[in-house]
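The residues making up each chain are set out below.
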Amino acid sequence: MTATENRGMARIAEPGEGIGLDELALATRNHGLPLEALRYDVTPPGLHYVLTHFDIPAVDPASWQLRIGGAVDRPLALRLDDLVRRPAVTSRVLLECAGNGRARLEPRPVSQPWLLEAVGTAEWTGTPLAPLLEEAGISPAAVDVAFTGADHGVERGVEQDYARGLPLADALHPEALLVWAMNGQPLPPQHGAPLRLLVPGWYGMAHVKWLTRIDVLTEPFTGYQNATAYRLKVDAEEAGDPVTRIRPRALMAPPGWPDFMTRERFVRAGAVPLSGRAWSGRAPVTRVEVSTDGGRTWEDAALGPADPDHPFAWRGWTCAWTAAPGAHELLVRATDEQGTQPVEPEWNRQGMANNLVQRVPVTVLPG
Ligand SMILES: Nc1nc2c(c(=O)[nH]1)N[C@H]1C(S)=C(S)[C@@H](COP(=O)(O)O)O[C@H]1N2
Ligand SMILES: [Mo]
């Protein structure tokens, strides 16, 4: 197969094949949340994960405009000043990349090789999308809304602007925002300056960065990032289901201290407080459980109260562990109103929406 043909295909790693230089190049551009940063309610600047398919585009905020068009009565062209003058809301929202956990799948889909760190929670400030669409006058025949970014590239042989379609009902949801600030500061270049879409509860790919165009469509959007990428499918030929809302997950801030190379953890015997975060974008989290014996037995963690002001943020949990000397494997799993995280991997060929439980090997040293 030629290199050009090969670029057109999603590749699955051969059995035992290690992470390649192409995956390493992606991993150094797209960094994750260091898991110890789970301690912060709001992820501090620079610690939020980043995922960018192509390059961070050069966007001049002075000449930048957002165009709203397609099946509308009155197309709009808005400058950043026009948007910032509109009613503003600040929303604390968790983002998670749909590829989180991909690197542990076997066989491994060759792509951005996330372990578990493709997550973060920020305070996003912007204006609700629905009133802008209503002002433009949505065609009664509208079904989808397409959001296009200023970034451009080639993915599996297809040259494209990064663009995603969203069902009209989701675009009209009062929580969908056009945001220009993150944690009280102008959006940083890597997070979509000057403006990005925010669709609370959805996996990361829906939150289009460097927004330039919004088009109301009377047919379902068939762009690459909806029709080809972000599909849950096992066989290459099947159409698969679209990736939408975030499945439940809990993560633990790994306790104790790490080994520099292996990241193996060490603690001293005795009382070891365990803590972390839990979330779901599809239903409220109802329970978090911890296992300190490799998944043989589980106990309930204390789940922090749901904050009605921040329904799309993560929640804290804590669990007391009395650690005895020896090797242990810690696990944590979340349950929401629709179900529990799987302990066995659920494979799909793009490695999407994989919410397999986290496992943290820990060596307990004599106290
Ligand atoms: N224009 C544009 N928007 C984009 C992307 C992109 O490559 N281009 N990546 C998406 C993906 S896959 C994710 S997970 C989130 C990541 O957002 P963050 O980098 O602000 O954490 O942005 C989404 N929005
Ligand atoms: Mo993503």
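Computed from a predicted structure; not experimentally measured.

Analysis parameters
Residues numbered from 1 in each chain as written. Chains lettered and ligands numbered in written order. Predicted model: local features only at pLDDT ≥ 70, side-chain atom pairs only at ≥ 80, totals over all residues. Helix = DSSP H or I, 4+ residues; strand = E, 2+ residues; numbered from the N terminus. Rg over C-alpha atoms; globule rule 2.2 N^0.38 Å. Buried ≥ 20, exposed ≤ 12 C-beta atoms within 10 Å, placed from the backbone. Contact = placed C-beta atoms within 7 Å. Pairing = 2+ DSSP bridges. Axes fitted to C-alpha atoms, helices over the stretch in contact; angles between N-to-C directions. UniProt positions renumbered as here; feature names shortened; annotations may be inferred. Core = buried A, V, L, I, M, F, W, Y, C linked by C-beta atoms within 7 Å. Domains from an automatic or database assignment. Nonpolar A, V, L, I, M, F, W, Y, C, P; charged D, E, K, R; others polar.

> For this particular structure, what's the right way to read the overall build of the protein chain?
In terms of regular secondary structure, the protein chain is built from six helices and 23 strands. Whereas a compact globule of 367 residues would reach a radius of gyration of roughly 21 Å, the protein chain reaches 21 Å, a difference of no more than 12%. Principal-axis analysis of the C-alpha atoms gives the protein chain an extent of 70 × 55 × 35 Å. Every one of the 367 residues in the protein chain was classed for burial, and the buried ones make up 38%.

> Hey, could you run me through the environment of Arg-67 in this one?
Relative to the assigned elements, Arg-67 resides in strand β1 (residues 66-70). Take Arg-67: there are 15 C-beta atoms within 10 Å of it, and that puts it in the partly exposed class. Sequence separation between Arg-67 and Arg-79 is 12 residues; the distance between their C-alpha atoms is 9.1 Å. Leave out the neighbours within four places in its chain, and Arg-67 touches Pro-75, Ala-77, Thr-212 and Arg-213.

> I would appreciate a short explanation of the sheet that holds strand β6 (residues 158-167) in the present structure.
Each strand in a sheet pairs with its neighbour through backbone hydrogen bonds, running either in the same direction (parallel) or in the opposite one (antiparallel). Read across the open sheet, the five strands follow the order β2-β1-β10-β5-β6; overall the sheet is mixed. Of all strands in the sheet, those bounded by a partner on one side alone are β2 (76-78) and β6. Averaged over all pairs of adjacent strands, the angle between strand axes in this sheet comes to 25 degrees, irrespective of strand direction. As defined by bridge partners, strand β5 (residues 144-155) adjoins β6 across nine bridges and the pair is classed as antiparallel. Bridged to Val-145 within β6 is Leu-166.

> So what exactly am I meant to see when it comes to unusual backbone geometry here?
Only a minority of non-glycine residues have a phi that is not negative, and only a minority of peptide bonds are not trans. In this chain, Glu-106 is followed by Pro-107 through a cis amide linkage whose omega measures -5 degrees. Along the chain, the position of Pro-107 falls in the loop between β3 (89-96) and β4 (119-128). Residues Ala-193 and Pro-194 are joined by a peptide bond in cis, for which omega reads 5 degrees. In this structure, Pro-194 sits in the loop between β8 (185-186) and β9 (196-198). Despite not being glycine, Arg-263 has its phi angle at roughly 65 degrees, a positive value. With respect to the element layout, Arg-263 can be found in the loop between β14 (257-258) and β15 (265-268).

> Quick question: what am I supposed to make of the UniProt feature "domain: Moybdenum cofactor oxidoreductase dimerisation" (unreviewed entry) in the protein chain here?
Following the UniProt record, the feature "domain: Moybdenum cofactor oxidoreductase dimerisation" (unreviewed entry) maps to residues 270-363 here. In residues 270-363, helix accounts for 0% and strand for 52%; the two terminal C-alpha atoms are 13 Å from one another.

> Looking at this structure, I do not really get the nonpolar core. What am I missing?
Most often, soluble globular proteins keep nonpolar side chains buried together rather than apart. Formed by 81 residues in total, the largest nonpolar core has its most connected members in Tyr-203 and Ala-278. The element contributing the most residues to this core is strand β7 (residues 177-182), with five residues. For this core, the two domains that each supply at least three residues are domain 1 (3-242) and domain 2 (249-365). When neighbours within four sequence positions are excluded, Tyr-203 is seen to be in contact with Glu-96, Cys-97, Ala-98, Val-243, Ile-246 and Ala-353.

> Any chance you could explain the environment of Gln-185 here in plain terms?
The topology assignment puts Gln-185 in strand β8. Looking at Gln-185, the number of C-beta atoms within 10 Å reads 10, which means it is exposed. Separated by 47 residues in the primary sequence, Gln-185 and Ile-138 place their C-alpha atoms 32 Å from one another.

> When you look at the pairing of β15 in this model, what are you seeing that I'm missing?
The side chains of a regular strand alternate, first on one face of the sheet and then on the other. Where β14 lies against β15, two bridges are found, and the strand directions are antiparallel. Among the inter-strand pairings, Pro-258 is bridged to a residue of β15, identified as Arg-265. What sits between β14 and β15 in their antiparallel hairpin is a turn of six residues, with Arg-263 showing a positive phi close to 65 degrees. When β15 meets strand β23 (residues 358-365), the two strands line up parallel, connected through four bridges.

> What is the right way to look at the domain arrangement of the protein chain in this model?
As a measure of interface size, the accessible area lost when the parts come together is often cited. The domain boundaries assigned to the protein chain delineate domain 1 (3-242) and domain 2 (249-365). Between the C-alpha centres of domain 1 and domain 2 there is a distance of 27 Å. Split into classes, the residues belonging to the side of domain 1 that touches domain 2 amount to 18 nonpolar, six polar and seven charged.

> How do you make sense of the pairing of strand β16 (residues 270-279) when you look at a structure like this?
Pairing of strand β13 (residues 249-252) with β16 involves four bridges; the strand directions are antiparallel. Counterpart to Arg-249 in the pairing with β16 is Trp-279. Relative to strand β20 (residues 315-323), β16 is paired through nine bridges, and the arrangement is antiparallel. Paired with Ser-275 across the strands is Thr-318, a residue of β20.

> Any chance you could explain the sheet that holds β20 here in plain terms?
Taken together, the four strands give an open sheet; going across it, the order is β13-β16-β20-β19, and neighbouring strands pair in antiparallel fashion. Edge positions in the open sheet fall to β13 and β19 (302-303), since each of these has one partner strand only.

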